[in-house]
Amino acid sequence: MSRRRAAAPPDAGFTLVEVLVALAITAIALIAGFKASAALTDNAGRQGTVLLAQICAENRLTELRLARQLPAVGDSELACAQAERQFLVTQAVRPTPNPNFRRVEAAVSEAGVPVLRLSTIVGRH
């Protein structure tokens, strides 16, 4: 009678290649998560900048409406400080086909970078 040897149990655990593949997948997922969070942070900062620039532009256009006189045609610039940040509002007043109205555009920039542009029509009161 021949004796059969019992088969040795297979080693339990992962091979080095399997561990490296798992680490690579984890690293790719983490990098994607970091990029997504960086994009969200950049977007939140941009929204804050646009909000402050919009306040500057709307304040300037409201000043023109409250002046109760037709603004002179031409361009002008004025500084606007909001939340300890400096913006430059470039105002452009253009004539319209109706002489009782003027088209006013307020372009806001920060450090030479355009941020926002608003326009409105101002009439003679």
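Quick look at the structure, then.

Criteria and thresholds
Residues numbered from 1 in each chain as written. Predicted model: local features only at pLDDT ≥ 70, side-chain atom pairs only at ≥ 80, totals over all residues. Heavy atoms only, no water. Helix = DSSP H or I, 4+ residues; strand = E, 2+ residues; numbered from the N terminus. Rg over C-alpha atoms; globule rule 2.2 N^0.38 Å. Buried < 20%, exposed > 50% of the residue type's maximum accessible area, 1.4 Å probe, protein only. Contact = heavy atoms within 4.5 Å. Areas by Shrake-Rupley, 256 points an atom, 1.4 Å probe, with all protein chains shown as cover. Lys, Arg positive; Asp, Glu negative; His and termini not counted. Charge placed at Lys NZ, Arg CZ, Asp CG, Glu CD. Pairing = 2+ DSSP bridges. Axes fitted to C-alpha atoms, helices over the stretch in contact; angles between N-to-C directions. Patch = residues over 30% accessible without salt bridge, like charges linked within 9 Å, V, L, I, M, F, W, Y side chains within 5 Å. Salt bridge = Lys/Arg side-chain N within 4 Å of Asp/Glu carboxyl O. Core = buried A, V, L, I, M, F, W, Y, C linked by side-chain atoms within 4.5 Å.

Glancing now at the overall build of the protein. Across its full length, the protein carries one helix and four strands. In the protein, the succession of α and β elements from N to C terminus is α-β-β-β-β. Compactness check: the protein gives a C-alpha radius of gyration of 32 Å against a globular reference of 14 Å for 125 residues, more than 25% above the reference. Principal-axis analysis of the C-alpha atoms gives the protein an extent of 120 × 30 × 20 Å. Looking at the protein residue by residue over its 125 residues, the buried ones come to 24%. Considering only residue pairs separated by 6 or more positions, the protein has 41% of its internal contacts joining residues 24 or more positions apart. For the protein, the computed accessible surface area is about 9,500 Å², with 61% contributed by carbon and sulfur atoms. On the protein, the mean spot of the 14 positive side-chain charges and the mean spot of the 10 negative ones are 7 Å from each other.

This part takes up the sheet that holds strand β3 (residues 101-110). An order of β1-β2-β3-β4 is seen for the four strands of this open sheet, with the pairing classed as antiparallel. Taken across any chain shown, the strands that pair with only one partner, and hence form the sheet edges, are β1 (74-82) and β4 (113-123). Between one strand and the next, the sheet's axes are offset by a mean angle of 20 degrees, whatever the strand orientation. Pairing of β1 with strand β2 (residues 85-95), which is carried by nine bridges, proceeds in the antiparallel orientation. By the bridge assignment, Ala79 is partnered in β2 with Leu88. Running over the sheet, helix α1 (residues 16-66) touches β1, β2, β3 and β4 and is turned about 25 degrees from β4.

This paragraph deals with a nonpolar patch on the surface. A contiguous nonpolar surface patch, about 570 Å² in accessible area, is contributed by Phe14, Leu16, Val19, Leu20 and Leu23. Position of Leu16 relative to the elements: it lies in helix α1. The exposure class assigned to Leu16 is exposed, which follows from its relative accessible area of 64%.

Moving on, we come to the nonpolar core. Counting residues in hydrophobic clusters, the biggest one holds 16 residues, and the most contacted among them are Ala53, Phe87, Val89, Val104 and Val108. When residues of this core are traced back to their parent elements, those giving at least two are α1, β2, β3 and β4. The biggest single contributor to this core is α1, with six residues. When neighbours within four sequence positions are excluded, Val104 is seen to be in contact with Leu61, Leu64, Pro71, Gln91, Ala92, Val93, Leu118, Ser119, Thr120 and Val122.

Further remarks concern the pattern of salt bridges. Scanning the model with the defined rule gives five salt bridges in all. With a closest N to O distance of 2.7 Å, Glu63 and Arg60 form a salt bridge. Placement of the pair is Glu63 and Arg60 together in helix α1, with a separation of three residues, close to one helical turn. On the basis of relative accessible area, Glu63 is assigned to the partly exposed category, the value being 46%.

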